[in-house]
Amino acid sequence: MNNELQTTSWDNSHIYSSFQDSKIQQDISFVEEKTAYLKSKISSFEALVPAIDNKSKAELEETIPLARETYRLNLDLLVSLYTLGTFAQSATSVDALNYDAKNLGNRVSSLMAQLNKATKPLNIFLQRVPNEYLENFLKDESVEEMAFQLRFAAQEKDYLLNVSEEILLTGHAVDGFQAWGKLYSEIAGALKVQVDNEEMGIAQASNILFKPDSKAREVAYRGINKAWQQNEISANAILNSISGWRLENYQARSKKKELHYLDQTCRQQKISRKTLDTLMQTTYEQRHIGQKALKLMAKELGLKKLGPWDLLAPYPAKNETLKISFPKALDIIIQAFGNFSPEMADFAKLMHDKRWIDSSPTANRGSGAYCTKFAHNREPRVFMTYDGTMSNVITLAHELGHAYHNWVMKDLKLGQASYPSTLAETASIFAETLVRDAILENSKSVEEKKAILWQEVESAASFMINIPARFEFEKNHLELRKKKTLTVPETKELSKKSWELWYEDTLTEYNEMFWASKLHFSMTHMSFYNYPYLFGYLFSLGIYAKKNELGNKFKDLYTNVLLDTGSMTAEDLIQKHFNEDISKKDFWMNSFGIVKKSIDSFETLGG
């Protein structure tokens, strides 16, 4: 525990006592043994796949008992692997040089690939069978939890390769595609940043960007970029390789019809391409709202324009701002949650009491913040680096919102609790808004009101400008990568142009190293890990706006929305609960109106 801020470290010892715990090897052996069993049983489906159209209904339905048994076992093995993986990830987040954790993480990746290869024939078979077969297969409680996921996957059958090709691709991904993402994480975890005369890790240096001293922020920003510039050849090779792998994959799957990279991300996020296009086009048309937020921030900071190091600056309080201890931050959040839902407040307290939050600075700590969970007992975990700022308080609320989303769904079967990032951000941003509004309501002076509205203004600038700039960069990088491997100067120029398009004249300079310093671009499990934040931000605000309108009915509605996030598309979810169409501009314009109101409120308070 940090003495000054009383931050917390998580305790996962009841999952596994250590990396030497014999249960780890027992679980690994169980996965290995059952994966071999699955491989022997599922191999029969490989020959069935090309013969599906020639089989009678009776012949196909004879396979249902075996299909159910092996599919169920696969789900159970995934729970074991997810649990092992989360244990390893938790340790490497705290210490990127924890070799026991890295070794376990690598082992889990290899086991996951072996399991995916073993079950690939069955998964492809279930994607290609007639609808009647699939519906009969799902009429059993052992597999019914996967109904939505399997029905949705069946829509992708035109993009499938043959079974042997799918197996080959899955196996090669471990030491090919996925290895690039791991390399990035290792570089970032070991990166040392020089800030004045002090050397520190990337997470510690990044926290300085949230501090009130503009000069210190700039020094940290330039130190971070310099550290990445010293690794820019590697970072650029990683990005080129990840993009190249994806494009080759999409091209190979485009034999019947084109698999566009935006169609691929839309399917991952359970939205339509029309919805994504509408969201991004409407945001571009309304970018002046985010740009106004940036200009108001500059004015309040006494600057003509913001530097990129000022984008996360705290409110410039006239009186020296004291650091907020971690227990105080938690009290603020618990009270805000409690005003809406006693259950939500109790949950936040539980997270602290159970030591499910890790917030203490460590030497080789990973950057950023996230929420995860242990699959076997559904316990959530929150990771962040707490430094006592109001922004840290909001980040903690954000991640606890994610954790609460998982907690609400804990009694559902795991297959019903897997939701896309577009809907994942709903609960986190809702939690942020609860906390901001509670602090604002309790603020007595103009200064206090401006301090909390500053968080709203900063969020508008981030979600409406920075997130779309990330989307722009990734889209353009893929387009250019179709033609060539990009050089470091070309990647820097692409980053600069994406910022120029969205920020326009609101900054003193553009961050040409953002592509390297932002982890999201080098993640391999998901492409375009950017616009879901914008989606969640606007969608969550739209939901939040109905809180007062619906009164006592709202809490149950909100819970039901969260419960449904793993079992329907975003369009169907919003149509069901709010009778609105998110593929149309009007839905998003309502949320932009809420953002504009907050920014105007800040401006009205004056300087």
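Now for a look at the structure at hand. These numbers come from a predicted model, not from an experiment. (Residues numbered from 1 in each chain as written. Predicted model: local features only at pLDDT ≥ 70, side-chain atom pairs only at ≥ 80, totals over all residues. Heavy atoms only, no water.)

Here we look at the side chain of N466
Among the structural elements, N466 can be located in helix α19 (residues 446–481). Those residues in contact with N466 that sit more than four places away from it in its chain are A461, W499, Y503 and F514. (Helix = DSSP H or I, 4+ residues; strand = E, 2+ residues; numbered from the N terminus. Contact = heavy atoms within 4.5 Å.)

Points about the pairing of strand β5 (residues 379–383)
Burial runs high along β5: five of the five residues are buried. Where burial is concerned, the two faces of β5 agree: the one with E379, R381 and F383 and the one with P380 and V382 are both buried. Pairing between strand β3 (residues 357–358) and β5: two bridges, direction parallel. In the strand pairing of β5, I357 is matched with V382. In this antiparallel pair of consecutive strands, strand β4 (residues 370–374) and β5, the connection spans four residues, and R378 shows a positive phi of 65 degrees. (Buried < 20%, exposed > 50% of the residue type's maximum accessible area, 1.4 Å probe, protein only. Pairing = 2+ DSSP bridges.)

Describing the sheet that holds β4
With mixed pairing, three strands are arranged side by side in an open sheet as β3-β5-β4. At either end of the open sheet lies a strand with only one pairing partner, and these are β3 and β4. Those strands touched by helix α17 (residues 390–408) are β3, β4 and β5, and its axis lies near 30 degrees from that of β4. (Axes fitted to C-alpha atoms, helices over the stretch in contact; angles between N-to-C directions.)

Considerations on the environment of A336
Inspection of the secondary structure assignment puts A336 in helix α15 (residues 326–340). Spatially, the C-alpha atoms of A336 and A397 are 9.6 Å apart, while their sequence positions differ by 61 residues. In this structure, A336 is in contact with L434, V435 and A438, ignoring residues within four places of it in sequence.

Concerning unusual backbone geometry
A positive phi angle, near 50 degrees, is found at F528, a position not held by glycine. Relative to the helices and strands, F528 is located in the loop between α21 (514–517) and α22 (531–544). F528 gets classed as buried once you look at its relative accessible area, which sits at 1%.

Focus: helix α3 (residues 64–94)
The terminal C-alpha atoms of α3, which comprises 31 residues, lie 45 Å apart, in line with the 45 Å expected from a rise of 1.5 Å per residue. The buried fraction of α3 amounts to 22 of the 31 residues, a majority that puts the element mostly inside the structure. (Expected span 1.5 Å × (residues − 1).)

Regarding the side chain of E458
For E458, the location among the structural elements is in helix α19. Of the side chains bearing the opposite charge, R436 lies closest to the buried E458, which forms no salt bridge; the N-O distance is 7.1 Å. (Lys, Arg positive; Asp, Glu negative; His and termini not counted. Salt bridge = Lys/Arg side-chain N within 4 Å of Asp/Glu carboxyl O.)

Section: the environment of I543
Tracing the backbone through its elements, the reader meets I543 in helix α22. Under the relative-accessibility criterion, I543 is labelled buried at 3%. For the pair I543 and I24, spaced 519 residues apart in sequence, the C-alpha separation works out to 43 Å. If we ignore the near neighbours within four places in the chain, the residues touching I543 are T426, F430, F554, Y558, V561 and F578.

Brief notes about the layout of surface pockets
In this structure, the second largest pocket encloses a volume near 610 Å³. Lining the second largest pocket we find 22 residues, and of these T433, D437, E456, Y544 and N548 sit closest to its centre. When contributions to the lining of the second largest pocket are tallied by element, the ones reaching two or more residues are α15, α18 (421–442), α19, α22, α23 (547–550) and α26 (585–604). If you tally residues by element for the lining of the second largest pocket, the top one is α18, at six residues. (1 Å grid on protein atoms, 1.4 Å probe; cavity = no way out; pocket = protein on both sides within 12 Å on 5 of 7 lines; lining within 4 Å. Points joined across faces, edges and corners; volume = space filled by probe spheres on them.)

Notes on the nonpolar core
By size, the foremost hydrophobic cluster in this structure holds 140 residues, and its most contacted members are W228, F337, L396, L400 and F535. The dominant element in this core, judged by the number of residues it contributes, is α19, at 14 residues. Setting aside residues no more than four positions away along its own chain, L396 makes contact with F326, A329, L330, I333, I357, V382 and M384. Of all hydrophobic cores here, the second largest spans 46 residues; its members include L84, L104, V143 and V163. (Core = buried A, V, L, I, M, F, W, Y, C linked by side-chain atoms within 4.5 Å.)

Concerning the pattern of salt bridges
Applying the stated criterion to the full structure yields 36 salt bridges. Between K482 and E479 there is a salt bridge, with its nearest N and O atoms 3.4 Å apart. Its relative accessible area of 46% is what places K482 among the partly exposed residues. Take E479: its relative accessible area is 29%, and that puts it in the partly exposed class. The network of salt bridges with common partners includes K292, K596, D600 and E603.

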